Amino acid sequence: MLTSFDSIKGQEKAKHLLDTAIRNDRISHAYLFKGPAGVGKKMTAHALAALLNCHAPQGMTVCASCPACKKFNSGNHPDFHLIEPEGAGIKIGQIRELQKNLAFPPFEAKTRVILIPDIHDTMGRPEVANALLKTLEEPPADTMLILTGDEAGHILPTILSRCQVIPFTPLPLEDVAALLTHEDRQRAMTLAAIAEGSPGRARRQEEHGFLDTRQAIIEILTSTDKNSPSLVSQVYAMAHQSAELKDDAEELLDLLTSWIRDLIILRSDAPRSTHLINQDLANLPEAAESWSTSAMMKCLDAIATARQQLKRNCNRTLVFEVLFFALLDEKW
Ligand SMILES: [Zn+2]
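Residues numbered from 1 in each chain as written. Predicted model: local features only at pLDDT ≥ 70, side-chain atom pairs only at ≥ 80, totals over all residues. Heavy atoms only, no water.

Caption draft 1: Highlighting the sheet that holds strand E2 (residues 80-82). If you walk across this open sheet you meet the 5 strands as E2-E3-E4-E1-E5, and the pairing is parallel. Taken across any chain shown, the strands that pair with only one partner, and hence form the sheet edges, are E2 and strand E5 (164-167). Between one strand axis and the next, the sheet turns through 20° on average, direction left out of account. Taken together, the 3 bridges between E2 and strand E3 (residues 112-116) define a ladder with parallel strand orientation. In the sheet register, Phe80 faces E3, and the bridge partner there is Val113. Along the sheet, helix H6 (residues 126-137) contacts strand E1 (30-34), E3 and strand E4 (143-149); its crossing angle with E4, the most-contacted strand, is approximately 135°. (Pairing = 2+ DSSP bridges. Helix = DSSP H or I, 4+ residues; strand = E, 2+ residues; numbered from the N terminus. Axes fitted to C-alpha atoms, helices over the stretch in contact; angles between N-to-C directions. Contact = heavy atoms within 4.5 Å.)

Here it is, written out as structure tokens:
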């Protein structure tokens, strides 16, 4: 798909920095687009690659009809390379292959673009990052490397120091909500808040029906009948359903964290105007009475433990079973 700078929502600072660099002919050969997931970093990389290679750009807008634009539009420009992990992370062989290819000139592009996304996650082994350093230090003159990385994640300082960093930020919640297809405005705003201003995350949560899942989990957690025979089977079913989310299961933990934080705020002396993420839930005040503040802190610890276990590829169903029972135990 041909991406134009005009279609990127928000990110005024990032767009301004790139725009200034292009206008002044001071483009860097290695960029790190740094910021949270799902706010438009990869999209901007695509837009930049298309713009730099368009035969007749108007300012920051691509012409959409030249041969280069057509190739970007069909997703097969021969000089745009996306390097994604094969398995758990990027392999050293992939970097070596890239370096071999870079020894040759681009097929047709003015600027060949290499996009390596999510390096906080994909540069698992130090030798892979070290191999990449050489290329980052001296990329060929007709080549630009664009790395993207999550602010919260770990990015090696050696990589950081060799790239020009372009900051990306969460979008205002209203803008994220407007990008969702949800008819219910309150629910769209809730999704935007849970996704912390990331349209990409909000869309994924919408696709997976996260709000319904949240509802189901909270119904179990706020159950008042400790000895209900159906409660245990509900927990097992919910754990199974949560595990089915596979790589997105961690997002459920973010959702639970936001809910517990809201309960802590409600129990504290914080002014009522303090922003509650899950304010669409009518039973929030009752739920806040179910746990003591110290029990809620333990709940947050239990969620953190579950997160570590998911990262270590523990059995997902088991992780959620243990978590849900731990949260219920803190209540009773
Ligand atoms: Zn063009």
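Caption draft 2: Broad picture of the coordination of the zinc ion. On the protein side, the zinc ion has Cys54 (SG), Cys63 (SG), Cys66 (SG) and Cys69 (SG) as donor atoms, found 2.3 Å from it. Considering all 4 donor atoms around the zinc ion, angles at the metal cover 102 to 121° and the coordination shape is tetrahedral. Classification of Cys54 as buried rests on a relative accessible area of 0%. (Donors = N, O, S within 2.8 Å, 3.2 Å for Na, K, Ca; no water. Tetrahedral: all angles 85-135°; square planar, octahedral: opposite > 155°, others 65-115°. Buried < 20%, exposed > 50% of the residue type's maximum accessible area, 1.4 Å probe, protein only.)

Caption draft 3: Structural detail: the pattern of salt bridges. A full pass over the atoms with the stated rule returns 16 salt bridges. Each of Glu196, Arg201, Arg204, Asp248, Glu250, Glu251, Asp254, Arg307 and Lys311 takes part in a single network of salt bridges with overlapping partners. (Salt bridge = Lys/Arg side-chain N within 4 Å of Asp/Glu carboxyl O.)

Caption draft 4: Region of the structure containing the environment of Leu276. Looking at the secondary structure, you find Leu276 in the loop between helix H13 (249-267) and helix H14 (284-288). Judged by its relative accessible area of 14%, Leu276 is buried. The sequence separation of Leu276 and Ile265 amounts to 11 residues, and the corresponding C-alpha distance is 7.8 Å. Residues in contact with Leu276, not counting those within four places in the same chain, are Asp262, Ile265, Leu266 and Leu284.

Caption draft 5: Seen up close, the packing of helix H12 (residues 229-243) against helix H16 (residues 316-331). It is at 8 Å that the axes of H12 and H16 come closest, and there the two elements cross at 135°. As the angle between them shows, H12 and H16 are arranged oblique. In the packing of H12 onto H16, the handedness of the crossing is right-handed. Between H12, through Leu231, Val232, Val235, Tyr236, Met238, Ala239, His240, Ser242 and Ala243, and H16, the contact on the second element is made entirely by Arg316, Thr317, Phe320, Glu321, Phe324, Phe325 and Leu328. The residue inventory of the contact of H12 with H16, partitioned by class, reads 11 nonpolar, 3 polar and 2 charged. (Parallel < 35°, antiparallel > 145°, perpendicular 65-115°, else oblique. Left-handed = near helix turned anticlockwise from the far one by under 90°. Nonpolar A, V, L, I, M, F, W, Y, C, P; charged D, E, K, R; others polar.)

Caption draft 6: Layout of the packing of aromatic side chains. In total, this model carries 6 aromatic pairs according to the counting rule given. Measuring from ring centre to ring centre gives 6.2 Å for Tyr31 and Phe33, while their planes differ by 50°; the resulting arrangement is tilted. The exposure class of Tyr31 is buried, given its relative accessible area of 1%. The interplanar angle of 70° and the centroid separation of 6.0 Å between the aromatic rings of Phe72 and Phe80 together place this pair among those described as edge-to-face. The exposure classification of Phe72 matches that of Phe80, with both residues buried. Taken together, the aromatic side chains of Tyr31, Phe33 and Phe168 make up a single cluster linked through ring pairs. (Phe/Tyr/Trp six-rings, centres within 6.5 Å; stacked < 30°, edge-to-face > 60°.)

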